[in-house]
Amino acid sequence: MSYIFEEERIIKEIKERNAKRVLLQFPEGLKYFSIDVVKRLKEKLPNVDFIISGEPSWGACDIAEDEAMQVAADLIVHFGHTPYTWYYPKFPTLFINTESTLDISDNALFQLEKDLGKYDGMKISLTATLQHVRLLSKVRNFLESKGYEVIIGKPSSKFMFDGQILGCDYKAAEVNADIYVILSGGMFHALGLGLSTNKPTIKLDPYLQKSEDITNEVRKILKIRYGKILEAIDKRTWIIIQGIKVGQNRPMMVKYFYEELTKKGYDVFIVTNKVLTKEVLRNIDRNYIDVFLVTSCPRLPIDDLYNYEKPVLTPGEAKMIINNNLEPYIFPW
């Protein structure tokens, strides 16, 4: 397996906590390994009941506390995330980083150098998802040997590593740089980086062992998002979606938008939700409803709901409308 599941640490923690029933929570990309992990744990802890959560897990904002109480678990073991920036679970929870053991090849680094060469500027912001933070020093050393100045920014939380970002938290990239490079697989985190910086963005992928300039893709998404914002300007009936997952409930944010939109003379309604889909929106939609504002997760309007029939906005986009200022684009919050 190409991930470190830290079974020995888990066994030690279970023994120290005297846990008898443990709920294991894996993000979607790691569920494939869940049965194998349980097999190894049961070899050392045959008297402990291990239960695997089959529910989706989207981040450390989505800890299965309700689920753990329903199955009478003593402990949650949450894989793949550090504790969330603004929320720490009340239920006993052990966070396992599940770092990747993948390296980054010389060919991928040479591709990165080629992609960087398309732009003016020698100051590089370097970030990574949790699984790949250990590769940051190798990439930094390579870039510095080529004459680049490399900045690895500080995260927003003491639980995170230097240079680590989340899909909704790019604090480590809030640095003055010419080009922004991220170590990650897929497009999810890289796209968020591009939207948060609005600068040239390059993804260095340890899974595909290649570098990819996604700047044009970010610009395409920005055009779509600005289209949604312009469509929502001066619309009069808004639905605010209030997330009720334990780490996604932001009552003060909901209160702010409700008050500000009401001041503008708009009709505003609040709808609670755990898992937001197009079907959920269609079930509550009416012909006089104009705009949906999602306060639970800023990635939902961008990744899952961008092609809904009516504007579905992030908090940052709604704030742009309230402030009557469309520059700069605000992401994520």
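In case you missed it, the structure is sitting above this.
Cut-off values and rules
- Residues numbered from 1 in each chain as written.
- Predicted model: local features only at pLDDT ≥ 70, side-chain atom pairs only at ≥ 80, totals over all residues.
- Heavy atoms only, no water.
- Buried < 20%, exposed > 50% of the residue type's maximum accessible area, 1.4 Å probe, protein only.
- Helix = DSSP H or I, 4+ residues; strand = E, 2+ residues; numbered from the N terminus.
- Contact = heavy atoms within 4.5 Å.
- Patch = residues over 30% accessible without salt bridge, like charges linked within 9 Å, V, L, I, M, F, W, Y side chains within 5 Å.
- Areas by Shrake-Rupley, 256 points an atom, 1.4 Å probe, with all protein chains shown as cover.
- Salt bridge = Lys/Arg side-chain N within 4 Å of Asp/Glu carboxyl O.
- Lys, Arg positive; Asp, Glu negative; His and termini not counted.
- Charge placed at Lys NZ, Arg CZ, Asp CG, Glu CD.
- Pairing = 2+ DSSP bridges.
- Axes fitted to C-alpha atoms, helices over the stretch in contact; angles between N-to-C directions.
- Phe/Tyr/Trp six-rings, centres within 6.5 Å; stacked < 30°, edge-to-face > 60°.
- Arc of directions from axis to C-beta.

Undergrad: Which residues make up helix α6 (residues 188-197), and what values do they have?
TA: Buried residues dominate α6, accounting for seven of its 10 residues. By the burial criterion, the buried members of α6 are Ala 190, Leu 191, Gly 192, Leu 193, Gly 194, Leu 195 and Thr 197. Buried residues along α6 sit against β5 (123-128), β7 (179-183), β8 (201-205), α7 (215-232) and α10 (300-304). Just past α6, the residue Asn 198 takes up positive phi, approximately 55°.

Undergrad: I'd like to hear about a negative patch on the surface, residue by residue, with values.
TA: A cluster of acidic side chains, namely Asp 120, Glu 144, Glu 149 and Asp 178, defines a negative patch on the protein surface. Position of Glu 149 among the secondary structure elements: in strand β6 (residues 149-151).

Undergrad: Just give me the short version of the pattern of salt bridges, but keep the residues and values in it.
TA: Inspection of every chain in the model, using the stated rule, returns 23 salt bridges. Among the salt bridges present, the one from Arg 40 reaches Glu 7, with a minimum N-O distance of 2.4 Å. Taken together, the residues Arg 40 in helix α2 (residues 34-44) and Glu 7 in helix α1 (residues 7-17) connect sequence positions 33 residues apart. The exposure class assigned to Arg 40 is partly exposed, which follows from its relative accessible area of 29%. The buried category is assigned to Glu 7, whose relative accessible area is 16%. Notably, a salt bridge pairs Lys 118 with Asp 115, separated by 3.7 Å at the nearest N-O pair. Classification of Asp 115 as buried rests on a relative accessible area of 12%. Each of Asp 115, Lys 118 and Asp 213 takes part in a single network of salt bridges with overlapping partners.

Undergrad: Give a detailed account of the sheet that holds strand β2 (residues 49-52), specifying residues and quantitative values.
TA: Pairing within the open sheet is parallel, and its four strands lie in the order β2-β1-β3-β4. Among the strands making up the open sheet, the edge pair consists of β2 and β4 (93-96). Across the sheet, the axes of successive neighbouring strands diverge by a mean angle of 20°, strand direction being ignored. As paired elements, strand β1 (residues 21-25) and β2 share four bridges and run parallel to each other. Following the sheet pairing, Arg 21 is matched in β2 by Asp 49. Along the sheet, α1 makes contact with β1, β2, β3 (75-79) and β4, crossing β4 at roughly 170°.

Undergrad: How would you sum up unusual backbone geometry? Please name residues and give values.
TA: In the segment running from Glu 327 into Pro 328, the intervening peptide bond is cis, with an omega of 0°. You can see Pro 328 is positioned in the segment after α11 (315-322). The residue after Phe 331, namely Pro 332, is reached through a cis peptide bond having omega 5°. Here Pro 332 is to be found in the segment after α11.

Undergrad: Help me get a handle on the packing of aromatic side chains, residues and values and all.
TA: The way to describe two aromatic rings as a pair is by their centre distance and the angle between their planes. For the structure on display, the rule yields 15 aromatic pairs. Pairing Tyr 170 with Phe 331 gives two aromatic rings, centres 6.3 Å apart and planes at 45°, and the pair type is tilted. With Tyr 170 in the loop between β6 and β7 and Phe 331 in the segment after α11, this residue pair connects regions lying 161 residues apart in the sequence. Phe 331 carries the same exposure label as Tyr 170, and that label is buried. Geometrically, the ring pair formed by Tyr 256 and Phe 257 is edge-to-face, given 5.0 Å between the ring centres and 70° between the ring planes. Judged by relative accessible area, which is 30%, Tyr 256 ranks as partly exposed. Cluster of aromatic residues (ring-pair linked, three or more members): Tyr 3, Phe 5, Phe 26, Tyr 32, Phe 33 and Phe 79.

Undergrad: Describe in detail helix α4 (residues 106-116), supporting the description with residues and values.
TA: For α4, the complete set of buried residues consists of Ala 108, Leu 109, Leu 112, Asp 115 and Leu 116. An end-on view of α4 places all buried positions within 115° of arc, on one side of the element. Exposed residues pointing more than 90 degrees away from the buried face of α4 are listed as Asn 107 and Lys 114. Residues of α4 that are buried sit in contact with β5, α5 (136-145), β7, β8 and β9 (210-213).

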